[in-house]
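# Analysis of the macromolecular model
Listed here are the chains, written in short residue letters.
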Amino acid sequence: MSVDHVEEAENVGASEAVVTAATVAVTYYPVAPGVRLNVRSGPGTGYSVVRVLAEGAKVPIYCQTPGTTVTGPYGTSNIWDNIGGGEYVSDSYVHTGSDGYVASRCS
């Protein structure tokens, strides 16, 4: 094996370790019981619905950002949870156990 191949293999291993560490840090939170929750393309009700979560869904929260104020089963909040690339749900429908931020702010 040449030096170039060894270096390339070491770099692949290092990036796999970073992905694994990031994946482990994500916590999943339950959506309010009996709710089919709209997932939007941005942090507000003015953004398009990209999909609908089934009843009993749990969502990861990668980051949170302010947006449209929404009243739901868990109170009134302007916090929106990023649950994936370009996917947001109102925090007032997600049981995080907090009225505030539980994840870092989205950049």
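Higher on the page you've got the structure.
These notes cover the structure that comes with them. Quick caveat, the model's predicted, so the values are computed rather than measured.

## A few points about the overall build of the protein chain
In terms of helices and strands, the protein chain carries one helix and seven strands. For the protein chain, the sequential pattern of α-helices and β-strands runs α-β-β-β-β-β-β-β. Here the protein chain holds 107 residues, and 34% of them are scored as buried. Contacts in the protein chain between residues far apart in sequence, at least 24 positions, make up 46% of those at least 6 positions apart. Per element, the accessible surface of the protein chain, about 6,400 Å² overall, is 53% carbon and sulfur.

## Here we look at the pattern of salt bridges
It is possible for side chains of opposite charge to pair when their charged atoms get near one another. One pass over the structure, following the stated rule, counts one salt bridge. With its nearest N and O atoms 3.0 Å apart, the salt bridge here joins Glu 87 to Arg 51. Here the residue Glu 87 occupies a position in strand β7 (residues 87-90), and Arg 51 occupies one in strand β3 (residues 49-52), the gap between them amounting to 36 residues. Looking at Arg 51, the relative accessible area reads 37%, which means it is partly exposed.

## Let's talk about the environment of Leu 37
Mapped onto the elements of the fold, Leu 37 is located in the loop between β1 (28-30) and β2 (38-40). Sequence spacing of Leu 37 and Leu 53 is 16 residues, and the spatial spacing of their C-alpha atoms is 5.0 Å. Beyond its immediate stretch of four places on either side in the chain, Leu 37 contacts Val 31, Arg 51, Val 52, Leu 53, Val 89, Tyr 93 and Val 94.

## Observations concerning the pairing of β7
Taking every second residue as pointing to the same face, both faces of β7 are buried, with Glu 87 and Val 89 on one and Tyr 88 and Ser 90 on the other. Across four bridges, strand β6 (residues 75-84) lies against β7 in antiparallel orientation. By the bridge assignment for β7, Gly 84 is matched with Glu 87. Count of turn residues in the β6/β7 antiparallel hairpin: two residues, of which Gly 86 carries a positive phi of about 70°.

## What about the pairing of strand β5 (residues 63-72)?
Relative to β6, β5 is paired through seven bridges, and the arrangement is antiparallel. Bridging across to β6, Cys 63 finds its partner in Asn 82. Linking β5 to β6, which pair antiparallel, is a turn of two residues.

## Focus: the nonpolar core
With 13 residues, the main nonpolar core has Val 31, Leu 37, Leu 53, Val 59, Ile 83, Val 89 and Val 94 as its most contacted residues. When sequence neighbours within four positions are dropped, the list of residues in contact with Val 31 reads Leu 37, Leu 53, Ala 57, Val 59 and Tyr 93. By size, the runner-up hydrophobic cluster in this structure holds five residues, among which are Cys 63, Val 70, Tyr 88 and Cys 106.

## Comments concerning the environment of Asp 91
Here Asp 91 shows up in the segment after β7. Asp 91 sits in the buried class, given a relative accessible area of 4%. Taking the C-alpha atoms as reference points, Asp 91 and Asp 81, separated by 10 residues in sequence, lie 5.8 Å from one another. Those residues in contact with Asp 91, other than ones at most four positions away along the chain, are Ile 61, Gln 64, Ser 77, Ile 79, Trp 80, Asp 81, Thr 96, Ser 98 and Gly 100.

Conventions adopted
- Residues numbered from 1 in each chain as written.
- Predicted model: local features only at pLDDT ≥ 70, side-chain atom pairs only at ≥ 80, totals over all residues.
- Heavy atoms only, no water.
- Helix = DSSP H or I, 4+ residues; strand = E, 2+ residues; numbered from the N terminus.
- Buried < 20%, exposed > 50% of the residue type's maximum accessible area, 1.4 Å probe, protein only.
- Contact = heavy atoms within 4.5 Å.
- Areas by Shrake-Rupley, 256 points an atom, 1.4 Å probe, with all protein chains shown as cover.
- Salt bridge = Lys/Arg side-chain N within 4 Å of Asp/Glu carboxyl O.
- Pairing = 2+ DSSP bridges.
- Core = buried A, V, L, I, M, F, W, Y, C linked by side-chain atoms within 4.5 Å.

The analysis is restricted to geometry; functional conclusions fall outside its scope.
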